[in-house]
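Working through the structure, step by step
Next come the chains, spelled out residue by residue.
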Amino acid sequence: MRALVKAERAEGLTMRDEPVPQIAPDEILIKVNKTGICGTDRHLFHGEFPCSPPVTLGHEFSGIVEKTGSSVSGFALGERITGDPNIACGRCQYCHAGRVNLCRNLQAIGIHRDGGLADYVIVPQKQAFPLPTSLDPAFGAFCEPLACCIHGTDVAQIQPCSTVLVLGGGVIGMVRQRRRRARC
């Protein structure tokens, strides 16, 4: 399979032919349809963000279930899915406190584990989410950045008719909700 791999040097990516990855009993092999390129990927490319090279980049992706591990249930071959790239350990003090984003043993797909800028990616069942077949695969790849936007809105307690200023470039800074303007 083809994979875009972050090299071990400070900057650089290499297109490689890699074997199709083998799954563990609790994992799903996804045939990738679409992958987003995030600002984090840019930082990884430039060596400005810690990762575990050599590693295939791409933490925003969607695809089709190609194979499931022996203990996976609830997912069918050919089903369209996406994955949450942040794999928390569930055992550290932060995980027990519900602060999985601070997990001391966090492993991220596309940063510490091979990601979606390849023909195939592996996702643990607990990180996999089905998508409607009617959803364009490109929109499926935007589930992760959309989740970040929604979480930020929730944390900031932004309510309908609030006035906000969004600073920063990139897709997340440009996400706009298209709906009728509420009367405030």
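What you see is a predicted model; the values in this text were computed from it and never measured.

For the rest of this paragraph, the subject is the pattern of salt bridges. This model, assessed by the stated rule, comprises four salt bridges. The partner of E18 in a salt bridge is R16, and the shortest N-O contact between them spans 3.7 Å. Looking at E18, the relative accessible area reads 27%, which means it is partly exposed. Given a relative accessible area of 32%, R16 falls into the partly exposed group. Close ionic contact of E27 with R113 constitutes a salt bridge, the shortest N to O distance being 3.1 Å. Remark: R113 occurs in the loop between β8 (107-108) and β9 (120-124) and E27 occurs in strand β3 (residues 27-36); sequence separation between them is 86 residues.

What follows concerns the confidence of the model for the protein chain. With 90% of its residues at a pLDDT of 70 or more, the protein chain shows a mean pLDDT of 89. By mean pLDDT, helix α5 (residues 171-174) is the weakest element of the protein chain at 60, and β9 is the strongest at 98. When the criterion is pLDDT under 50, residues 176-180 qualifies, and its contacts beyond four places in sequence or with other chains add up to zero contacts.

Looking now at helix α4 (residues 143-155). Taking 1.5 Å per residue, 13 residues should reach 18 Å; α4 reaches 18 Å between its end C-alpha atoms and fits that length. Looking one or two residues past α4, Q157 carries a phi angle of roughly 55°, positive in sign.

What follows deals with the sheet that holds strand β5 (residues 60-68). The antiparallel open sheet is built from five strands, whose spatial order is β9-β3-β5-β6-β10. The strands lining the two open edges of the sheet, one partner per strand, are β9 and β10 (128-130). Looking at each pair of strands side by side, their axes are set apart by 45° on average, direction ignored. Pairing analysis gives eight bridges linking β3 to β5, with the strands arranged antiparallel. Among the inter-strand pairings, G36 is bridged to a residue of β5, identified as E60.

If you trace the three strands from one edge of the open sheet to the other, you get β2-β1-β4, paired in antiparallel fashion. The two strands at the open ends of the sheet, each matched to only one other strand, are β2 (13-17) and β4 (55-56). For strand β1 (residues 2-6) and β4, the ladder comprises two bridges, and the chain directions are antiparallel. The residue of β4 that forms the bridge with V5 is T56.

The next thing to look at is the pairing of β1. Look at any regular strand and the pattern is simple: side chains alternate between the two faces of the sheet. By the bridge criterion, five bridges tie β1 to β2 in an arrangement that is antiparallel. Looking at β2, one finds that K6 is bridged to L13.

When β3 meets β9, the two strands line up antiparallel, connected through five bridges. The residue bridging I30 from the neighbouring strand is V121, located in β9.

By the secondary structure assignment, Q127 is in the loop between β9 and β10. Taking relative accessible area as the criterion, Q127 reaches 7% and is therefore assigned buried. Residues in contact with Q127, not counting those within four places in the same chain, are T82, G83, D84, N86 and I87.

Glancing now at unusual backbone geometry. Going from P53 to P54, the amide bond is cis rather than trans, its omega being -5°. Residue position: P54 is located in the loop between α1 (39-45) and β4. Even without glycine at this site, C161 takes up a positive phi of about 75°. With respect to the helices, strands and loops of the structure, C161 is situated in the loop between α4 and α5.

Right, let's get into the nonpolar core. What tends to happen in soluble globular proteins is that the nonpolar side chains get buried as a cluster. In this structure, I28, I30 and I81 are the most contacted members of the largest nonpolar core, which totals 13 residues. Elements supplying a minimum of two residues to this core: β3, β5 and β9.

Thresholds applied
- Residues numbered from 1 in each chain as written.
- Predicted model: local features only at pLDDT ≥ 70, side-chain atom pairs only at ≥ 80, totals over all residues.
- Heavy atoms only, no water.
- Salt bridge = Lys/Arg side-chain N within 4 Å of Asp/Glu carboxyl O.
- Buried < 20%, exposed > 50% of the residue type's maximum accessible area, 1.4 Å probe, protein only.
- Helix = DSSP H or I, 4+ residues; strand = E, 2+ residues; numbered from the N terminus.
- pLDDT = per-residue confidence, 0-100.
- Contact = heavy atoms within 4.5 Å.
- Expected span 1.5 Å × (residues − 1).
- Pairing = 2+ DSSP bridges.
- Axes fitted to C-alpha atoms, helices over the stretch in contact; angles between N-to-C directions.
- Core = buried A, V, L, I, M, F, W, Y, C linked by side-chain atoms within 4.5 Å.

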